Amino acid sequence: MHTIATYQYETLQVSATDDILTVTINRPEKKNAMSFKVVEELIAVAGRISKDKTIRAVILNGAEGTFCAGIDLGDLNHPKNQVFALWELIKPWQSSFQRVCLVWRDVPVPVIAVLEGYCIGAGLQLALACDIRISHPDCKLAIMEAKWGLVPDMGLTQSGFGVVRADILKELAMTARIVSAEQGKELGLVSHCSETPLEQAQQLAAEFAERSPDAVLASKRVINAMFEQSATTLYIEKVWQLKMMFGRNRKLALRKAKQASTVFGKRQFR
């Protein structure tokens, strides 16, 4: 067994079959919402994967039929985490919330996301950073941040570039609309739809494992290089998120989520 699979995680299950590693977000009681601990452990396991030259592919999924229902708002809004969250936004380099998604672009093996149930907000930004997304037809997808008066700030400017058309990303980000997996496939969010997405992911991972690991890595690197973005875009994500958090319309967005008749104020920024 790979040593990575022997580590004990609080929020993840990690298992190895031959040279294929399956990483499962394991918070089913929260629909696998991304807590600060999930962020920490996903970054840690990705780092270990990068050092293990025997791993040929990674499957990333969620426990009990849901990929990830977004950021854990209870965790994010807890007073004990406010200072940490603010620091992540103001520090001049990549935040942990950006890193937890973009690290999967960096690992030297193909990463296949298996989408079921809900894949929204942080979940969709995580999935877009994976190399392939295989979804169950019943899965619901959304860039949800606008509903809460926020902006996507988990590396979407990097992971979405070259995967989804800019006009599609704008529409989804501006409306927070929920789309089906079939619609997601048409829009470019999803690579494949399958009634048995995990099985298809396992078959694809096995197919990758039949090829030279160096050739597979090289393919990932050169194709990703076609869509490289300046790190400035990540800084812009954080700047705008800070504006949203302290802006006048943020509180109104939270109120509108509960009371549809709420009216927003005039645009504050330019």
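Look a little higher up for the structure.
To keep things clear, this report deals only with the structure shown in the data block. Treat the numbers as computed from the prediction; the structure is a model and nothing was measured.

### A closer look at the packing of helix α4 (residues 96-106) against helix α10 (residues 213-225)
Inference 1: Packing of α4 against α10 brings their axes to within 10 Å, and their N-to-C directions diverge by 120°. Looking at the two axes, α4 sits oblique to α10. For the pair formed by α4 and α10, the contact residues are Trp104, Arg105 and Asp106 on the first element and Lys220, Arg221 and Asn224 on the second.
Inference 2: In terms of residue class, the contact of α4 with α10 is built from one nonpolar, one polar and four charged.

### Considerations on a negative patch on the surface
Inference 1: The grouping of Asp138, Glu182, Glu186 and Glu195 at the surface amounts to a negative patch.
Inference 2: You can see Asp138 is positioned in the loop between β6 (132-135) and β7 (140-142).

### Section: unusual backbone geometry
Inference 1: Located in the positive-phi region is Asp18, a residue other than glycine, with phi close to 55°.
Inference 2: Tracing the sequence through the fold places Asp18 in the loop between β1 (12-17) and β2 (20-25).
Inference 3: One non-glycine residue, Glu64, lies in the positive phi region at around 55°.

### Focus: the side chain of Arg105
Inference 1: Examined against the element boundaries, Arg105 turns out to sit in helix α4.
Inference 2: For Arg105, which is buried and forms no salt bridge, the nearest opposite charge comes from Asp106, at a distance of 5.9 Å.
Inference 3: Residue contacts for Arg105: discarding those within four places in its chain leaves Ala129, Gln158, Ser159, Lys220, Arg221, Asn224 and Phe227.

### Things to note about the packing of aromatic side chains
Aromatic rings in a pair are described by how distant their centres are and how their planes are angled relative to each other.
Inference 1: As enumerated under the stated definition, the model contains seven aromatic pairs in all.
Inference 2: Measuring from centroid to centroid gives 5.8 Å for Trp87 and Trp93, while their planes differ by 80°, and the two rings are edge-to-face.
Inference 3: With a centroid separation of 6.1 Å and 85° between ring planes, the pair formed by Phe161 and Phe227 is classed as edge-to-face. Of the two residues, Phe161 is situated in the loop between α6 (156-159) and α7 (166-175) and Phe227 in the loop between α10 and α11 (232-246); the sequence distance between them amounts to 66 residues.
Inference 4: We classify Phe161 as partly exposed; its relative accessible area is 38%.
Inference 5: Through a chain of ring-to-ring contacts, the aromatic side chains of Phe36, Phe84 and Phe97 assemble into a single cluster.
Inference 6: Above the ring of Tyr7, the side-chain terminus of Arg48 is found at 3.7 Å from the ring centroid.
Inference 7: We note Lys243 situated over the ring of Trp240; from NZ or CZ to the ring centre the distance is 4.1 Å.

### So, the sheet that holds strand β5 (residues 118-120)
Inference 1: Pairing is mixed across the open sheet formed by three strands, whose spatial order is β5-β7-β8. On the outer flanks of this sheet lie β5 and β8 (179-180), each paired with one strand and no other.
Inference 2: Relative to β7, β5 runs parallel, the two sharing three bridges. Within β7, the residue paired with Cys119 across the bridge is Leu141.

### Some details on the pairing of strand β4 (residues 111-115)
Inference 1: Of all five residues that make up β4, five are buried, and the element is covered over most of its length.
Inference 2: Burial along β4 is two-sided: the face carrying Val111, Ala113 and Leu115 and the face carrying Ile112 and Val114 are both buried.
Inference 3: The sheet contact formed by β4 and β6 spans four bridges and is parallel. Across the sheet, residue Val114 finds its bridge partner in β6, namely Ile134.

Criteria and cut-off values
- Residues numbered from 1 in each chain as written.
- Predicted model: local features only at pLDDT ≥ 70, side-chain atom pairs only at ≥ 80, totals over all residues.
- Heavy atoms only, no water.
- Axes fitted to C-alpha atoms, helices over the stretch in contact; angles between N-to-C directions.
- Helix = DSSP H or I, 4+ residues; strand = E, 2+ residues; numbered from the N terminus.
- Parallel < 35°, antiparallel > 145°, perpendicular 65-115°, else oblique.
- Contact = heavy atoms within 4.5 Å.
- Nonpolar A, V, L, I, M, F, W, Y, C, P; charged D, E, K, R; others polar.
- Patch = residues over 30% accessible without salt bridge, like charges linked within 9 Å, V, L, I, M, F, W, Y side chains within 5 Å.
- Areas by Shrake-Rupley, 256 points an atom, 1.4 Å probe, with all protein chains shown as cover.
- Salt bridge = Lys/Arg side-chain N within 4 Å of Asp/Glu carboxyl O.
- Lys, Arg positive; Asp, Glu negative; His and termini not counted.
- Charge placed at Lys NZ, Arg CZ, Asp CG, Glu CD.
- Buried < 20%, exposed > 50% of the residue type's maximum accessible area, 1.4 Å probe, protein only.
- Phe/Tyr/Trp six-rings, centres within 6.5 Å; stacked < 30°, edge-to-face > 60°.
- Lys NZ or Arg CZ within 6 Å of the ring centre and 35° of its normal.
- Pairing = 2+ DSSP bridges.

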